[in-house]
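Summary of the model geometry
Now for the letters of each chain:
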Amino acid sequence: MKRRDILKKLSLLPLAGGVAGLYPFQSKASPVPIPPASRDLFKELGIRTFINAAGTYTFMTGSLMHDIVTDTIKTASKEFCLLDEAQDKVGAKIAAMTHAEAAVVTAGAFSGLTLGLAGILTGTDVNKVKALPHLEGTGMKSEVICQKAHDIDYNHAFMNTGCKIVTVETVEELEKAINEKTALMHFLNINADKGKILHEEWVALGKKHGIPTSNDIAADVPPVSNLWKFNDMGFDFVVISGGKAMKGPQSAGLLMGKKYIIEGARVHMPPRGFNIGRGMKVNKEEVLGMYVALEHYINYDHDKEWKVWEDNIAVIEKAAKSVNGVNTRIFVPPLGNITPTLELTWSKETVKAKDIQDKLRAGSPSIEVMNHDDKTIHITVWVMKQGEEKIVAKRLKEELTSLMA
Ligand SMILES: *Cc1c(COP(=O)(O)O)cnc(C)c1O
């Protein structure tokens, strides 16, 4: 073998140190862990991945974090800092961006609801903090009022503090329900049109009776202006998810509101105590990741993105519509998940939404779409990667053609 050939061969071998150090227990040489980037853990563990044509669902792992968020998480993971200091500094920035008095990064919107209410109940009184969720005999308030149409499963977040939910339908019922135990009047933005009392009136009634008001806007950007609209309107606290349209960490969200509420909420959160908020930990990576996600979301070109969504959904609609017996419609939900949404219906009675879902799921690549009901499929493009709309269009047309035949 010529020297040149030997060198060539050698250069193809992994570095000696690297090989010896691959498994630290095999060698005393400096441990070199397996570079995670070279591992496809989804493949290795047999976890199915898919094109998400459904939307921001927790069971589908929400949205994909923006690159600036994953970069931030990686950089943040290389240094220590005090968790409180990270929350202080980031909270001040987030508050300024969202027109709130104060803000804190929480472990999602749900934890924001629990912590916001907990902050109202206890303030910064550590003994009260320790008492939750056992409110009886403590002198703390114990009731949350909301409209019947706003009483969804997520309101269990309030019950975690020990409070109970009281539902009302009219202003008259509301005013009758308010009593010395009322801690909070809660509003659910996504169901605003389903209740009799609208935002402004809800806030005004809260002020009239001296009861704090809250608004769950978890899935309500876009429009970006919702980030400050309800703080400006006078809600005492507002929560939003970080891992939906903002493409921040899925395990993060924002609690924004009055200074006394945020201060109280933070007494329940890590790094303090062993109380109801202890399990809702966010570390510096999520705190900083959420911050850059929000900053990016506020500053980017939403009109341009909307246009891309419209173009991409049109590609899928065109393919679906070309199949005999399939009807399509594109609509934009008026509240929550505000993005162009394709609705598919069909004339063939025996075909169920689940049949279409199963076929797309089993294909390659696997695709997830949402069944609105037995006979209706909903498709969105807002958490899809560029180019995937063409794959979805093609696969949808194939499966619809064979199912409708
Ligand atoms: C998604 C959602 C939540 C929960 O948000 P997380 O950030 O996952 O905790 C709460 N309320 C509504 C209306 C939601 O859509």
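To be clear, the structure that these remarks concern was listed above.
About the criteria used
Residues numbered from 1 in each chain as written. Predicted model: local features only at pLDDT ≥ 70, side-chain atom pairs only at ≥ 80, totals over all residues. Heavy atoms only, no water. Near = heavy atom within 4 Å. Polar contact = N/O pair within 3.5 Å; in protein donor to acceptor, adjacent residues only side chain to side chain. 1 Å grid on protein atoms, 1.4 Å probe; cavity = no way out; pocket = protein on both sides within 12 Å on 5 of 7 lines; lining within 4 Å. Sits in = over half its atoms within 2 Å of the grid points. Nonpolar A, V, L, I, M, F, W, Y, C, P; charged D, E, K, R; others polar. Patch = residues over 30% accessible without salt bridge, like charges linked within 9 Å, V, L, I, M, F, W, Y side chains within 5 Å. Areas by Shrake-Rupley, 256 points an atom, 1.4 Å probe, with all protein chains shown as cover. Salt bridge = Lys/Arg side-chain N within 4 Å of Asp/Glu carboxyl O. Helix = DSSP H or I, 4+ residues; strand = E, 2+ residues; numbered from the N terminus. Buried < 20%, exposed > 50% of the residue type's maximum accessible area, 1.4 Å probe, protein only. Core = buried A, V, L, I, M, F, W, Y, C linked by side-chain atoms within 4.5 Å. Domains from an automatic or database assignment. Contact = heavy atoms within 4.5 Å.

Around the ligand, the neighbouring residues are Gly108, Ala109, Phe110, Tyr154, Leu188, Asp216, Ala218, Ala219, Ser241 and Lys244. Between the ligand and Ala109, the relevant distance is 2.8 Å, taken from an oxygen atom to a main-chain nitrogen or oxygen of the residue. Phe110 has a polar backbone atom sitting 2.9 Å from an oxygen atom of the ligand. Most atoms of the ligand, that is more than half of them, are within 2 Å of grid points of the largest pocket. A breakdown of the residues in the shell around the ligand according to their chemical character gives six nonpolar, two polar and two charged.

Moving on, we come to a nonpolar patch on the surface. Taken together, the side chains of Leu41, Phe42, Leu45 and Ile47 present a nonpolar region at the surface, about 400 Å² in accessible area. Examined against the element boundaries, Ile47 turns out to sit in the loop between helix 3 (41-45) and strand 1 (51-52). Under the relative-accessibility criterion, Ile47 is labelled partly exposed at 43%.

Summed over all chains, the structure comprises 22 salt bridges. Two residues, Glu368 and Arg48, come together in a salt bridge whose shortest N-O distance is 2.9 Å. Of the two residues, Glu368 is situated in strand 11 (residues 367-368) and Arg48 in the loop between helix 3 and strand 1; the sequence distance between them amounts to 320 residues. With relative accessibility at 42%, the residue Arg48 sits in the partly exposed group. In this structure, Glu388 engages Lys385 in a salt bridge whose closest nitrogen and oxygen atoms are separated by 3.9 Å. Its relative accessible area of 12% is what places Glu388 among the buried residues. Linked by salt bridges that have partners in common, Arg48, Lys354, Asp358, Arg361 and Glu368 make up one network.

Right, let's get into the nonpolar core. Counting 103 residues, the largest nonpolar core has Leu344, Ile356 and Ile379 as the members making the most contacts within it. In terms of domain composition, this core takes at least three residues from each of domain 1 (51-55 + 302-404) and domain 2 (80-298). Setting aside anything within four residues of it in sequence, one finds Leu344 in contact with Ala320, Val326, Asn327, Thr328, Lys375, Thr376, Ile377, Ile379, Leu396 and Leu400.

For the rest of this paragraph, the subject is unusual backbone geometry. For the peptide bond that leads from Leu132 to Pro133, omega is 10°, which places it in the cis range. Of note, the bond from Val221 into Pro222 is cis; its omega dihedral lies within 30 degrees of zero at -5°. Tracing the chain through its elements places Pro222 in the loop between strand 6 (213-216) and helix 11 (226-233). Its identity is not glycine, yet Thr61 carries a phi of approximately 70°, on the positive side. Relative to the helices and strands, Thr61 resides in the loop between strand 1 and helix 4 (67-76).

None of the figures reported here should be taken as evidence of function without further support.
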